[in-house]
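Structure assessment
What follows is the residue order along each chain.
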There are 4 protein chains.
Amino acid sequence: MKVGILGATGAVGQKFVELLDGHPHFEIEALAASERSAGRPYREASNWIGAREMPAAVADREVVLAEPDALADCDFVFSGLDASAAEVLEHRFAEAGIPVISNARTHRMDPDVPLLIPEVNPDHTALIDRQTTPGWIVTNPNCSTVGLVMALKPLVDAFGVEAVSVVTMQALSGAGYPGVSSLDVLGNVVPFIGGEEDKLVHEPRKLLGSLEDGAIRPYEMTVSAQCNRVPVLDGHLECVSVKLGTAASPEEVAEVMASFESPLAGMDLPTAPARPVRVFEDERFPQPRRHVEAEGGMQVSVGRVRACALLDVKFVVLSHNTIRGAAGGAILNAELLQAQGRLMPRAVAAA
Amino acid sequence: MKVGILGATGAVGQKFVELLDGHPHFEIEALAASERSAGRPYREASNWIGAREMPAAVADREVVLAEPDALADCDFVFSGLDASAAEVLEHRFAEAGIPVISNARTHRMDPDVPLLIPEVNPDHTALIDRQTTPGWIVTNPNCSTVGLVMALKPLVDAFGVEAVSVVTMQALSGAGYPGVSSLDVLGNVVPFIGGEEDKLVHEPRKLLGSLEDGAIRPYEMTVSAQCNRVPVLDGHLECVSVKLGTAASPEEVAEVMASFESPLAGMDLPTAPARPVRVFEDERFPQPRRHVEAEGGMQVSVGRVRACALLDVKFVVLSHNTIRGAAGGAILNAELLQAQGRLMPRAVAAA
Amino acid sequence: MKVGILGATGAVGQKFVELLDGHPHFEIEALAASERSAGRPYREASNWIGAREMPAAVADREVVLAEPDALADCDFVFSGLDASAAEVLEHRFAEAGIPVISNARTHRMDPDVPLLIPEVNPDHTALIDRQTTPGWIVTNPNCSTVGLVMALKPLVDAFGVEAVSVVTMQALSGAGYPGVSSLDVLGNVVPFIGGEEDKLVHEPRKLLGSLEDGAIRPYEMTVSAQCNRVPVLDGHLECVSVKLGTAASPEEVAEVMASFESPLAGMDLPTAPARPVRVFEDERFPQPRRHVEAEGGMQVSVGRVRACALLDVKFVVLSHNTIRGAAGGAILNAELLQAQGRLMPRAVAAA
Amino acid sequence: MKVGILGATGAVGQKFVELLDGHPHFEIEALAASERSAGRPYREASNWIGAREMPAAVADREVVLAEPDALADCDFVFSGLDASAAEVLEHRFAEAGIPVISNARTHRMDPDVPLLIPEVNPDHTALIDRQTTPGWIVTNPNCSTVGLVMALKPLVDAFGVEAVSVVTMQALSGAGYPGVSSLDVLGNVVPFIGGEEDKLVHEPRKLLGSLEDGAIRPYEMTVSAQCNRVPVLDGHLECVSVKLGTAASPEEVAEVMASFESPLAGMDLPTAPARPVRVFEDERFPQPRRHVEAEGGMQVSVGRVRACALLDVKFVVLSHNTIRGAAGGAILNAELLQAQGRLMPRAVAAA
């Protein structure tokens, strides 16, 4: 399938380009950005920040303007737009019949837009049927939400979860590029990330909610979040305490997480990790720099599962914020939608 | 008064040397360490790691063996010994009639040893009367405890505190020297510090406890702690959620902390901060690198006081781990004990 | 004397504000910046990045537009403008009769503008007489130049210097704020700083040049420079190899540097370091984080003086890039000019 | 072939284990270390510091004592011993008929021991014939030498090199584990690495030397080196100035490096990079964090080739210190020796 990337020159857009290089199902058809970049070769328009080099296949491609007309040949688009651009543009693509797999926060909490983690709530894609435009929009959660929710999902299923206290230590790449000034964060911690704590409160309830009569009933639980920026390149580490619905020992909790069966098993999605959640026994782990790349950055790592004197159980969870928490998550969303038959070549769709 | 420093060549011992340079009441009489260092000039025996240079007055002084006989001229000693050495040695000094102001964890929880923060529980020094040796031992809390307890104290007084959830982001200097390998922590977070979480559970209850019939009745509250090591030089930052005894708004909580009256006011102790607790309004603050040196490293900084959906109120607290949380705290303890008339020149004491 | 600060909200401007707080001779009369900031209180207009807090005296002061009319009450101004703004504005102040002590690179190499390090070439202020405007401009060198030249000056005087090879490892604060993205430099080195190597080639020759017939004859020596950005907050460290005019041993070279007599001795300039150049014997020193603050950031540190197999002698040199290499250097320039009688209250000057 | 690893639990030994996992020619037969580790499973005996996890195949293997008897089944051994252990042990393996491919510095400058970079001096393996023990020793150069020499080799061949000035910025992993304390190097540079500068003076001359009458005649050139430790995980970056034997423009120099033909081309050595030296045109490159992993860490990166006012040409060079500069280099040495027929299964050798 032919895909376009909206916001292709930004940090998230670059990650889409990097991860789609060699993808077995999706081929980059168009790199789209704002007027400032349109018309220039991608090599020049993007200040490439990837650890690996820019894929040769895109280096000389001309960036097009992020308008539906310019991407008419794309079967769907990935959106790495920032929230304000997404506000303006994503609906226009949907109206033009081009599905949008978005990483922007703009439509995440819209009642008819799926907020999707394939291993957690694959059935929520049914919300698409409520969208009235020829195309539609599907979103993935915020980078600090996804690790937390993937660790909670097995607990929700096995015991229920009543309350969550989470303190995050978030990586620099979560702020985009140039993002955080080195003068602010070298040898330092910044105990504030604008808007982040609210996302951690609301997104998990939608993600873990149930589909009833075509709408999402949010999962009932209380979340309290505190977010910090730390001098780490990639990987959000979170200290989590959980109050369970029914009693369980830390060993049972660890076992339930470690044995979590992905609903994607057997679907052969290229970006899906073999094991979505891994539980470490070594109490020093997981650590961002050592474990963030596990299974291509798509595995969530859990460690230090132990009793909490205040709630019931506590643990740390690590996930890759720009892969699992952004571009990689969105690509897996597209793979799921393709497997569900919701995403298909437009020629086929039109037939 | 003439003071000795036990463990003078280590990281804490060096901080004692640095902070006592020019102290108006205490003069370094002896630098004591193990057999490996004894007999060598301090300049050579210590691998000086201070940001400022080694005070000239101590550079050429000969290190003596950490035995009571070698420090017979000292009115009292500061102990920067590690826990195992403290286990062996501190009681021998007390038995020899030499008071020990200790930073070691060994005797902190002993029922007849004061665990002391002068602004919090100055009356606990009465426990000294229960010690039966000619000298005695007083301790200061762990570096991650002191900031938390100083922020809680005004809340305990005003509203009562029923439960605390704390997640720490602790500085490298808390691990001593050489301490944490650069390969383990550069661009990384280590979500584990051996033994640290237990100290945060038990020490606050003793510190906030009440003196009844000459013994400490621990304060009744539940504490759950999660401890992390971050790539910061100095300053432990902690994310705290608190369940209060009686209801109070975040504004009332902030006001109570900001207006905390130090019981040391008017005592003219050289190391006491004018304002023990400061509350920031800027939501980006406090930050370790920017605020850790406030009032010579003796002030505790609080910020982001706001409602907690799970407990009642949450905030961040920052304190200097090697000054307020170690050597500086111990020196302030000695100043209080001197002001209380418990610490005096031995000639006077003997008279 | 009453001083204005041009570019007061930027990184260099903030350093001027910080260093002038409590200055015995100079009082901040006006904080000037561009239209974007003018009219707003300094507290809001500047994103204060200092380690210490913003001086209370300036926090509520209104920022004025950087135009001569708005600073008519100032006896002179410090310029922390960037090069393009300095190009437009500095001459207008000089034309309005207001002396400009500038940190901008714009006029450094102008033949009638002194490029000044008070300990190195105090006589170069005579160039002012060649300036035809009622006011005049004096500049300080680039932050990477000043440490090198202060270390070379004793060698030039004692032995002559024919050639210099210098490789710099420069701190992040040299790039201003927000400056270098944390994503570019955490755990990394960037082996390029735009325009920096040229400054290291040309500025030293002017600084070490001689005043002949009212003009500067550049010092004859060859310089080759390579500049790198390293993840250090403050302090440019430079590895230097020198070919001397006449032979000297490393010991002689170290001795000549260590015994360098400041021409400012006895002038009682508040910002002048007692010892402008310090030579370390410990081969691990100097290090940016440990030694950059020596003598208020105005001392230059040298270490590892040893033979060079290729040229004659090599060593490392460290200087504080935003104090000695920027705002502090400019303030010392003003103090020298005041002592020389060239800078005086405008009322006096007019009389 | 069956290989043993001496010093298997140390930092270099672990890198051997990591890089040999899945090697097509060499299989780990024995993990050998000192008495402290012998008898324990590798999982416990080594404090695994690798970014990737310990290969499952070795985790439970018992560590053996580093003595020839215990490794009698090995066809040869890789030595990751430190210098003092290598002094004692490596000859004993050679005497026992077991070839030693060593990373230790101990025998590098011995006249009958090859100091080998396969792309630079593959013919130097002939020195083996001068060794009189049944087995023999081959060494690879110091981690800071290899990048420099690989960049110089094309210049030596094309123009000759008379003199080199090199300033290094070396990664933390070069100091082993635990190596450099985080307190010494976070936000800092240490301008001294014990013994390092001497290696950069002497090793290149042997490596670039010519084999005459069975002995190495060192290459005639002058080297001056200054070595610094910077807060980077992997990758030594070096600023190099070169005086050529015959004149050449920077463009010619860059071209000669970029078109360097590896003498290994066509030999199909598994660890050999397709392109040993890469030349960047982007003046911000190479950077340690972005480019150190090129071609599995075996490619050397060069950038900023430009004229030097003092010598002739200058540039930066980057190489991976623990792969190209240690374990990977030693493995490539073994592959070359195998291809040359010097390294073979002992059964074959005995036949």
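Residues numbered from 1 in each chain as written. Chains lettered and ligands numbered in written order. Predicted model: local features only at pLDDT ≥ 70, side-chain atom pairs only at ≥ 80, totals over all residues. Heavy atoms only, no water.

1. Section: empty space enclosed by the protein
All names here are of chain A.
- As enumerated under the stated definition, the model contains nine cavities of 30 Å³ or more in all.
- Class assignment of the residues belonging to the lining of the largest cavity gives a composition of eight nonpolar, four polar and no charged.
- Top element by residues in the lining of the second largest cavity is strand E7 (residues 161-170). It accounts for three residues. (1 Å grid on protein atoms, 1.4 Å probe; cavity = no way out; pocket = protein on both sides within 12 Å on 5 of 7 lines; lining within 4 Å. Points joined across faces, edges and corners; volume = space filled by probe spheres on them. Nonpolar A, V, L, I, M, F, W, Y, C, P; charged D, E, K, R; others polar. Helix = DSSP H or I, 4+ residues; strand = E, 2+ residues; numbered from the N terminus.)

2. With respect to helix H8 (residues 250-258) of chain C
All names here are of chain C.
- Within H8 the residues assigned to the buried category are Pro-250, Val-253, Ala-254, Val-256 and Met-257. Along the long axis of H8, the arc covered by the buried residues comes to 160 degrees, so they all point the same way.
- Against helix H5 (143-158), strand E11 (236-244), strand E12 (277-279), strand E13 (300-307) and strand E14 (313-319) lie the buried residues of H8. (Buried < 20%, exposed > 50% of the residue type's maximum accessible area, 1.4 Å probe, protein only. Arc of directions from axis to C-beta. Contact = heavy atoms within 4.5 Å.)

3. Comments concerning unusual backbone geometry
- The linkage connecting Phe-285 of chain B with the following residue, Pro-286 of chain B, adopts the cis geometry, with an omega of 0 degrees.
- With an omega of 0 degrees, the peptide bond between Tyr-177 of chain D and Pro-178 of chain D qualifies as cis.
- Notably, Arg-304 of chain B is not glycine yet its phi reads approximately 55 degrees, a positive angle.
- Structurally, Arg-304 of chain B is set in strand E13 (residues 300-307).
- For Arg-304 of chain B, a relative accessible area of 10% gives the class buried.
- Positive phi, normally seen in glycine, also occurs at Asp-213 of chain C, with a value near 55 degrees.
- You can see Asp-213 of chain C is positioned in the loop between strand E8 (210-212) and strand E9 (215-217).
- Given the relative accessible area of 83%, Asp-213 of chain C is considered exposed.

4. Describing the relation of the copies chain C and chain B
- When chain C is fitted to chain B, the residual RMSD is 0.0 Å, and the transformation amounts to a turn of 180 degrees plus an axial shift of 0.0 Å. Put plainly, the chains are arranged around a two-fold axis. Residues of chain C ranked by C-alpha distance from the rotation axis are headed by Gly-187 of chain C, positioned 3.4 Å from it.
- Of all interface residues in chain C, 100% are interface residues in chain B too; the two copies therefore contact each other through one and the same surface. (Least-squares fit on C-alpha atoms with pLDDT ≥ 70 in both.)

5. So, the pattern of salt bridges
- Per the counting criterion, the structure on display carries 64 salt bridges over all chains.
- Its salt-bridge partner being Arg-304 of chain B, residue Glu-197 of chain A comes within 2.7 Å of it at the nearest N-O pair. Taken together, the positions of Glu-197 of chain A in helix H7 (residues 196-207) and Arg-304 of chain B in strand E13 put the pair across two chains.
- Bridged by salt links that share partners, the residues Lys-15, Glu-18 and Arg-52 of chain A form one connected network. (Salt bridge = Lys/Arg side-chain N within 4 Å of Asp/Glu carboxyl O.)

6. A word on the interface of chain B and chain A
- Facing the 48 residues of chain B at the interface are 48 residues of chain A.
- Both sides together, the interface formed by chain B and chain A hides about 3600 Å², and carbon and sulfur atoms give 55% of it.
- On the surface where chain B and chain A come into contact, there are six salt bridges.
- At the surface where chain B touches chain A, the tally comes to 22 residue pairs in polar contact (both at pLDDT 80 or more). (Buried area = accessible area lost by both parts, 1.4 Å probe. Polar contact = N/O pair within 3.5 Å; in protein donor to acceptor, adjacent residues only side chain to side chain.)

7. Overview of the environment of Cys-239 of chain D
- Tracing the chain through its elements places Cys-239 of chain D in strand E11 (residues 236-244).
- Judged by its relative accessible area of 2%, Cys-239 of chain D falls in the buried class.
- Distance from Cys-239 of chain D to Leu-318 of chain D, taken between C-alpha atoms, is 9.2 Å for residues 79 residues apart in sequence.
- Once residues lying within four places of it in the same chain are set aside, the contact partners of Cys-239 of chain D are Val-167, Gln-226 and Asn-228 of chain C together with Ser-165, Val-166, Val-167, Met-169, Phe-315 and Val-316 of chain D.

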